Amino acid sequence: MSKMIEGKIVKVSGPLVIAEGMREANMFDVVRVGDGKLIGEIIEMHGDRASIQVYEDTAGIGRGDRVYSTGAPLSVELGPGIISNIYDGIQRPLETIFSLYGPNIKRGIDVPALDREKVWRFDALVKAGDQVSGGDIYGTVQEGDIILHKIMVPPKMSGTIVSIQSGDYNVTQPIGQLKTAGGEVVDITLMQKWPVRMARPYKEKIPPNTPMVTGQRTIDALFPIAKGGTACIPGPFGSGKTVTQHQLAKWSDVDLVVYVGCGERGNEMTDVLREFPELTDPRTGKSLMQRTVLIANTSDMPVAAREASIYTGITIAEYFRDMGYSVAVIADSTSRWAEALREMSGRLEEMPGEEGYPAYLTSRLAQFYERAGWVKCIGSDGREGAVSAIGAVSPQGGDISEPVTQATLRIVKVFWGLDSALAYRRHFPAINWLNSYSLYRERLAPWFAENVAADWNEKVAEMMTILQEESSLDEIVKLVGVDALSPADRLTLEIARSVREDFLQQDSFSEYDSYMEQKKMSATMDLILSFYHKAQSAIEKGADIEKIAELPVRERISRAKEAGSDSYQAVYAEVDNEIDRQLAALLAEEETV
Amino acid sequence: MIREYRTIDEVAGPLMLVKQVEGVKYDELGEIELPNGEIRRCKVLEVNGSNVLVQLFDSAAGLNLANSKVRFLGHGVQLPVSRDMLGRVFSGMGEPIDGGPRIIPDKTLDINGSPINPAARLYPNEFIQTGVSTIDGLNTLVRGQKLPIFSGSGLPHANLAAQIARQAKVRGKDDQFAVVFAAIGITFEEADFFISDFKKTGAIDRTVLFINLASDPAIERITTPRMALTAAEHLAYDCNMHVLVILTDITNYCEALREVSAARKEVPGRRGYPGYLYTDLATMYERAGRKEGSTGSITMIPILSMPEDDKTHPIPDLTGYITEGQIILSRELHRKGMMPPVDVLPSLSRLKDKGIGAGKTREDHANTMNQLFSSYARGKEAKELMVVLGEAALTPVDRLYAKFADEFERRYVNQGFYENRSIEETLEIGWELLSILPRSELKRIKPALIEKYHPDYRNKDKAD
């Protein structure tokens, strides 16, 4: 243990504090500031002067107040007890803080991230004498009903197990001892620490080829994301970013979700906190909270901790990835994180780039998204894990030409562009089908053909074509009116409306529609396209398009998906027959006239 | 011991540099004594070695570098609070200006508050009936919500805010209710409109007013809303009252902030507003809510005028990202004489879904709301098409939609500032309007609800 480094404050400007006498301290060391022991981090050194970003409100701090370096970088505690918890941006447990200090967050609170008292049942998988290296699994702890928490050898560590014992432990009690390659004997505990700004190591990255199934029709069918992929959701306020992200957090088929509320509304985090425990995961049948970790740094909490919250979130995600799980990190919103960067940059008097954002904005964003991926984990059993990163972006004025959106688009592979015009029409999710894209579609096509329906990709392509045609036909209609179109084109318009209203729109607040399984999604596409093809041939035989548009079966098509997952096949088949009957009746009527 | 300094070195705009001070803390409140004995207040913005940069709340006129004295008071800006503040009028700095005595404080609070732990928040879900159809029916307000009114110059936002303050109630409950009103740089006439409306309805006895008029010092506007919120927090969380906070006009607040930022030569964000405008607004807006350990709540209605009616201007834009929705007023509807001119389509209440439905309003509320929104949107599109191509070019269904849109504006939106509609009346009008459309178009409503509430079915029941 090196000696405690102590400095004195010379300057305070908002969350930035400059202290002198800090020559011995390391860059990015965590420091405690003033009598209130506020938490801060060294972000610049000039001679013996350290610039410190403070994660708490600095009111009441003045010249001459002392600063102590802890000698360690900003780190998170990783071990049993993380799941279902809610943390602030620097991993302080908010529920514990609430019970200890009341409903408002005071300053200088020092509460360990993992409950020190709670006892966990540990089952050893290795025995004395075994050779282990970084990533190997000592044993397991069952955390909640879903996650089997694997206690791993920390990266970069290796050696021979001296002793290890199954039993009941808290996170700091030694569960055994390890003799390292250097001959030193160290205690093994359930907990390890990792600095948040450093990516956890892996053996190799593998290009992802499995979709992250979300149960959202627009996403799964038109713009799918891969497990281990990256996506962004830019949109002006009121376009449904947060609802879309909540939907992903609820229904994605991943093992764990880390939800980072970064500079957003307090009530939204409360909503997740109160709603998730009551929702059931369709795959495990257990409460969704049992697979969720929340990081909440709401907009009224100190701005510097907002900068750290994204790293805290992704480090936790990487830790579970290393166990071989598939994890999704959902960050709402990366624009607030970028603003925190901008604010610190301004206080450091750095030369600004575009719109006052620092020049390193793009590289910082890239560093964050590059920590996502499908990887072969460290450890000798060759397991694989994935971190998928999804970031909301809040472009000012909804104008996506601003720097944060543009920097993000250069990195991520999926773009779900939200559109306020759709939101005004209450078309939700308001993902614009004309300008959004997914670069994973090709790569994931074989998976859908194999696992859902052989013709899945053709159906999706046909729907996209219909929507494309609609947008060009709309231009004509606006100029010369709908009467000028051929019956075939008018049918296309009608079907496009059906695709939009009956397929793309999905009500996240309805019990039956919030989540849709893949097979049913495929059947819904079949039904819409079946009507299209049959109506096409009816028109060729001389049926009147106006009458086709008014067929009562169309309402049944749109309501068919209300059928439950066990009975929908029969309902869909019945509606399909009804299409035949009504079209045939229509043709017969035409002939008699 | 409080030391006095005569070391003022620079005064520029709202900023002042004091040299050779000791023991001064960031964000500390200071007092400047002018040679004539007048006292002005200031706040520490930056401590740099032995120099401190302070922000003046009043004008710098008459300030004399050689003979003025500065004292630092050892604490930040504070507000003495008490339940007796109800019925009183205070300045933007929290001094009583109604000629009454100083209040005897229950306690003295720092006006910056402290962030609410998200784990301690209670999710707002109690329906507030405002009696305004476009709000209750389509953009429902709930207790603890922050729902701003985006307006423009010349639009009747004050009338709408006063109507809400007058009519708002939680049904079936008779809780203690208070209004905290902060006038931030508005004109005397506009402030007077609110005050006389509160007086007329007797609401003045349960109202706390903080008044910074257009003629008062601009920099004081930075503290005015925080004074109001501190008083509101005391009433809500210590006295367990339900407080409605009206802040008008946030645009003036942001301009004061920009003035200080520009004087400090900070790198500006968009349109010269400081890069931290979002964070600064958030620390204000996020003080609305409900939390565990208290039965009170703070519901906030900030009013802001959008320069050039531009919703993408930084002030409405950043506000929209923080608040839980927005009520937008439309110049077009106002010109048509529709009162209150709420522009329904871009307006939004994010918390409505948990505040409506069976047990809160009525089971058909959510379905009819979505149907009204999408039908009105389609009706407006049809009307646009009609302007270009003439009515004959529309399909029969689109003609009905166009009729629906007109009727919707005439009957649903245009209710006037003095009609107080119950939620049932609002829902009823909604159904009557929806019955203009063919039943097959009502895709967003469950068939069972249509059979129960659709006027056609109910009339049939009566006929039977």
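An account of the accompanying structure is given in this report. Note that this is a predicted model, so its numbers are computed, not measured. (Residues numbered from 1 in each chain as written. Chains lettered and ligands numbered in written order. Predicted model: local features only at pLDDT ≥ 70, side-chain atom pairs only at ≥ 80, totals over all residues. Heavy atoms only, no water.)

Applying the stated criterion to the full structure yields 88 salt bridges over all chains. Across the salt bridge formed by Arg71(B) and Glu4(B), the nearest N and O atoms sit 2.6 Å from each other. Note that Arg71(B) is positioned in strand β7 (residues 69–72) and Glu4(B) in strand β1 (residues 4–5), a separation of 67 residues in sequence. Under the relative-accessibility criterion, Arg71(B) is labelled buried at 16%. Glu363(B) is the partner of Lys452(B) in a salt bridge, and the nearest nitrogen-oxygen pair spans 2.5 Å. Of this pair, Lys452(B) sits in helix α13 (residues 447–453) while Glu363(B) sits in the loop between α9 (352–355) and α10 (365–389), placing them 89 residues apart in sequence. Look at Lys452(B) and you get partly exposed, because its relative accessible area is 46%. Judged by relative accessible area, which is 33%, Glu363(B) ranks as partly exposed. Connected through shared salt-bridge partners, Glu264(A), Arg265(A), Glu268(A), Arg336(A) and Glu339(A) make up one network. (Salt bridge = Lys/Arg side-chain N within 4 Å of Asp/Glu carboxyl O. Helix = DSSP H or I, 4+ residues; strand = E, 2+ residues; numbered from the N terminus. Buried < 20%, exposed > 50% of the residue type's maximum accessible area, 1.4 Å probe, protein only.)

All right, on to the sheet that holds strand β13 (residues 177–186) of chain B then. Residues and elements named next belong to chain B. As summarised here, the arrangement of the eight strands in space is β9-β14-β13-β15-β17-β12-β18-β19, forming an open sheet in which the pairing is mixed. Each edge of the open sheet carries a strand with a single partner, namely β9 (89–91) and β19 (348–349). With two bridges joining them, strand β12 (residues 149–151) and strand β18 (residues 325–328) adopt parallel strand pairing. Across the sheet, residue Phe150 finds its bridge partner in β18, namely Ile328. (Pairing = 2+ DSSP bridges.)

Below, the discussion takes up the interface of chain A and chain B. Taken together, the contacts link 76 residues of chain A with 80 residues of chain B. Contact between chain A and chain B buries roughly 6,500 Å² in total, counting both sides, with carbon and sulfur atoms accounting for 50%. Summed over the shared surface of chain A and chain B, the number is ten salt bridges. Arg274(A) is the salt-bridge partner of Glu292(B), the closest N and O atoms lying 3.4 Å from each other. In this assembly, chain A and chain B are joined by 38 residue pairs in polar contact (both at pLDDT 80 or more). For the side of chain A that touches chain B, the secondary structure elements donating two or more residues are β1 (5–13), α1 (94–101), α4 (266–275), α5 (303–322), α6 (334–347), α11 (456–480), α12 (487–504) and α15 (553–559) of chain A. The dominant element in the side of chain A that touches chain B, judged by the number of residues it contributes, is α4(A), at nine residues. (Contact = heavy atoms within 4.5 Å. Buried area = accessible area lost by both parts, 1.4 Å probe. Polar contact = N/O pair within 3.5 Å; in protein donor to acceptor, adjacent residues only side chain to side chain.)

A few words on the packing of aromatic side chains. What the rule picks out here adds up to 21 aromatic pairs over all chains. The interplanar angle of 20° and the centroid separation of 6.2 Å between the aromatic rings of Trp431(B) and Tyr453(B) together place this pair among those described as stacked. Taken together, the residues span a long stretch of sequence, with Trp431(B) in helix α12 (residues 423–434) and Tyr453(B) in helix α13 at a distance of 22 residues. Neither Trp431(B) nor Tyr453(B) differs from the other in exposure class; each is buried. Taken together through their ring pairs, the aromatic side chains of Phe181(B), Phe193(B), Phe194(B) and Phe198(B) make up a single cluster. The positively charged end of Arg342(A) is found above the aromatic ring belonging to Tyr357(A), 4.4 Å away from the centroid. Over the face of the ring belonging to Tyr237(B) we find Lys291(B), whose NZ or CZ atom lies 4.2 Å from the ring centre. (Phe/Tyr/Trp six-rings, centres within 6.5 Å; stacked < 30°, edge-to-face > 60°. Lys NZ or Arg CZ within 6 Å of the ring centre and 35° of its normal.)

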